[in-house]
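Secondary and tertiary structure notes
Here are the chains, one letter per residue:
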Amino acid sequence: MDILVLVLVLALAAANGANDVPKGVATLAGAGEAKIKTAIAWGTVTTAVGCLVSLHFANKMTALFSKGIVSASPTNSFAAAVLLGTAAWVALATWRGLPVSTTHALTGALLGAGALFASSAVQWNVLLVKVVQPLLLSVLIAWCISAALSAAGRAVARRRQTRITQPQPEPALVTASGTELAPETSPVSSAPVQQEAPPRRLSPVSVAHWATSGLTSFARGMNDAPKIVAIGSFALISGMTTTRLLLAVTVAMAIGGLLVGRRVAERMANDVIKMTHVEGFTANLTTAALVGIGAFQGLPMSTTQVSIGAISGTAGTDLSRIKRKTVRDFAIAWLVTPPFSAGAAAVSYLILR
């Protein structure tokens, strides 16, 4: 059974990578800064760094998902059921191109299996304060912050564009005899001169966009890896330490993101809102800040909800820019996540116990 738990941990990590790696870097593709393949590669690398750092800075998150929701001492069958319920939904949603929350799925699975395993050990009061409230509030906060930052960014961009496009008087040309010629009567040939295009350089906004997308993926790795490791630590096989399990989870996340991350990336990049560099930068900055704070404070914010809230917030009050069908599909998937995972975990526990 220990080996089964390890296999399921790695399967969940791979599904998580496929669904979550694109969330930090989809704005790069949406703004036309990078191809989806390149963006996913960048997100994979920075996510892996966040996963490795989480071992030292995410003890609160690990404690919450190992004992904070279901306080009873876990068994192998309980751990396997939780992992099956979570991985089944995340993999299904990824196949459908729907960005869903591993946090929501994992919480639902813990409750579904926990209700059968030890119903009196389910910490409902902790669930409300440390899981439900952060998840709900983070969406609204992300939207508000992103809307404010995007509005400020657009205002700065407009002022800059106005200065650049102001007409400048052309200097008069003077002949050898001292006669001034208007620019249009200049004896100089007006034939176009072909010049080699200068090499493309990253603008400061582009650099900031890449940096904040990397920070978002880094924060996501810090936020998600401890949750998966916490469940996997219920049944470590002989010779497998928590550190080694984290390394294995990191590798599985990277493989999942690189091989299957394109489905979710395309939906988030192209089907929510058409964004500019500035908007992509502000959305990522908001997501990275909120998810990073949540990881350090042990508050399991969902990268999915925060990133979608931040991306949608770039539209501000112009809601016509947002593709409502896509947002509707995402919202339905989010509502289905906890009950589906809970049901799948409960059925799995009945079979495995």
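Starting afresh in each chain, residues are numbered from 1 along the sequence in its written order. Totals for whole chains, interfaces and linings use every residue, but because this is a predicted model, local features are given only for residues with pLDDT of at least 70 and side-chain atom pairs only at 80 or more, for both listing and counting. Derived side-chain values reflect all non-hydrogen atoms in the structure, with water molecules and hydrogen atoms excluded from consideration.

Quick notes on the overall build of the chain
The cut-off we apply is this: A run of H or I in DSSP becomes a helix once it reaches four residues, and a run of E becomes a strand once it reaches two; helices and strands are each numbered from the N terminus. In short, Shrake-Rupley with a 1.4 Å probe defines the accessible areas, and a residue's cover is counted only from the protein chains shown.
Secondary structure summary: the chain contains 12 helices and two strands in total. When its helices and strands are written in sequence order, the chain yields α-α-α-α-α-α-β-β-α-α-α-α-α-α. For the chain, the accessible surface area stands at approximately 16,600 Å², while carbon and sulfur atoms represent 66% of it.

Quick word on the packing of aromatic side chains
Under the convention used in this document: A pair of Phe, Tyr and Trp rings is counted when the ring centres sit within 6.5 Å of each other, with Trp represented by its six-membered ring. The angle between the planes then sorts it: under 30 degrees is stacked, over 60 is edge-to-face, the rest tilted.
Tallied over the entire structure, the rule returns four aromatic pairs. Arranged with centres 4.9 Å apart and planes meeting at 45°, the rings of W89 and F340 form a pair that is tilted. In this pair, W89 is assigned in helix α4 (residues 76–95) and F340 in helix α12 (residues 324–352), connecting sequence segments 251 residues apart. Look at F117 and Y349: their rings are 6.1 Å apart centre to centre, the planes differ by 75°, and that puts the pair in the edge-to-face class. One end of the pair, F117, is in helix α5 (residues 102–118); the other, Y349, is in helix α12, with 232 residues separating them in the sequence. Grouped by ring-pair contacts, the aromatic residues F78, F117 and Y349 constitute a single cluster.

Considering the packing of α5 against helix α7 (residues 204–232)
Put simply, the rule is: Axis definition: a line fit to C-alpha positions, over the contact stretch in the case of helices; interaxial angles, taken between N-to-C directions, run 0 to 180 degrees. Orientation is classified from the angle alone, with under 35 degrees giving roughly parallel, over 145 giving roughly antiparallel, 65 to 115 giving roughly perpendicular, and any other angle giving oblique. Helix crossings are classified by the rotation of the near helix relative to the far one: an anticlockwise turn of less than a right angle makes the crossing left-handed, while a clockwise turn makes it right-handed. Any two residues whose heavy atoms approach within 4.5 Å at even a single point are treated as in contact. In this classification, the charged set is Asp, Glu, Lys and Arg, the nonpolar set is Ala, Val, Leu, Ile, Met, Phe, Trp, Tyr, Cys and Pro, and all remaining amino acids, among them Gly, are polar.
Look at α5 against α7: their axes get within 11 Å of each other, and the N-to-C directions meet at 25°. With respect to each other, α5 and α7 are oriented roughly parallel. The two elements α5 and α7 cross, and the hand of that crossing is left-handed. On the side of α5, the interface is formed by T103, L106 and L110, while α7 contributes N223, D224, K227 and I231. A breakdown of the residues in the contact of α5 with α7 according to their chemical character gives three nonpolar, two polar and two charged.

Details of the pattern of salt bridges
Inclusion rule: Put simply, a salt bridge is a Lys or Arg side-chain nitrogen that is within 4 Å of an Asp or Glu carboxyl oxygen. Classification of residues uses two cut-offs on accessible area relative to the type maximum, computed with a 1.4 Å probe and protein chains only: under 20% is buried, over 50% is exposed, and between them is partly exposed.
Throughout the structure, instances matching the rule amount to 10 salt bridges. With a shortest N-O distance of 2.4 Å, D20 and K23 are connected by a salt bridge. Placement of both D20 and K23 in helix α1 (residues 2–30) is noted, with a separation of three residues, approximately one turn of the helix. Judged by its relative accessible area of 1%, K23 falls in the buried class. Ionic pairing is found between E266 and R262, a salt bridge with its closest N-O pair at 2.9 Å. Residue E266 and its partner R262 are both found in helix α9 (residues 262–270); the two are separated by four residues, about one turn of the helix. A residue is classified by how much of its surface remains accessible, and E266, at 32% relative accessible area, is partly exposed.

Things to note about the environment of T243
On the secondary structure map, T243 appears in helix α8 (residues 242–260). A relative accessible area of 39% places T243 in the partly exposed class. A C-alpha to C-alpha distance of 7.4 Å links T243 and L55, two positions 188 residues apart in sequence.

Let's talk about the nonpolar core
Side chains that are nonpolar tend, in soluble globular proteins, to be buried together. Definition in use: By nonpolar core is meant a set of buried Ala, Val, Leu, Ile, Met, Phe, Trp, Tyr and Cys residues that side-chain atoms within 4.5 Å join together.
By size, the foremost hydrophobic cluster in this structure holds 40 residues, and its most contacted members are V70, F78, V82 and V249. In this structure, F78 is in contact with V70, L110, A113, G114, F117, F234 and Y349, ignoring residues within four places of it in sequence.

Examining the environment of V249
Secondary-structure assignment places V249 in helix α8. Taking the C-alpha atoms as reference, V249 lies 9.0 Å from A11; in sequence the two are 238 residues apart. Not counting the four nearest positions on each side in its chain, V249 is found in contact with V9, L10, A13, I228 and V229.

What about the packing of α1 against α9?
Direction vectors running N to C along α1 and α9 enclose 40°, while the axes themselves pass 8 Å from each other. In terms of axis orientation, α1 runs oblique to α9. Crossing of α1 against α9: the hand is right-handed. Residue-level contacts link A18, N19, P22, K23, A26, A29 and G30 of α1 to V264, A265, M268 and A269 of α9.

Some details on a nonpolar patch on the surface
As a reminder of what qualifies: Only residues whose relative accessible area exceeds 30% and that form no salt bridge are eligible for patches; like-charged ones are grouped when within 9 Å, while nonpolar side chains (Val, Leu, Ile, Met, Phe, Trp, Tyr) are grouped when within 5 Å.
There is a patch of nonpolar side chains on the surface, built from L92, W95, I332, V336 and F340 and spanning about 440 Å² of accessible area. For the nonpolar patch, the secondary-structure elements that each account for two or more residues are α4 and α12. When residues in the nonpolar patch are grouped by element, the largest group, three residues, is from α12. Following the sequence through the fold, L92 ends up in helix α4.

So, α12
Inclusion rule: In this scheme, a helix's expected span is set at 1.5 Å multiplied by one less than its residue total. Bending is quantified residue by residue as the angle between axes fitted to the seven-residue window ending at that residue and the seven-residue window starting at it.
For α12, spanning 29 residues, the distance from its first C-alpha to its last is 41 Å, which sits close to the expected 42 Å at 1.5 Å a residue. By the largest-angle criterion, T337 marks the main kink of α12, which is about 35°, and a proline, P338, follows within four residues. The complete set of buried residues in α12 reads T326, D329, F330, A333, W334, T337, S341, A342, A345, A346, S348 and Y349. Of the surrounding elements, those touching the buried residues of α12 are α4, α5, α9 and α11 (303–313).

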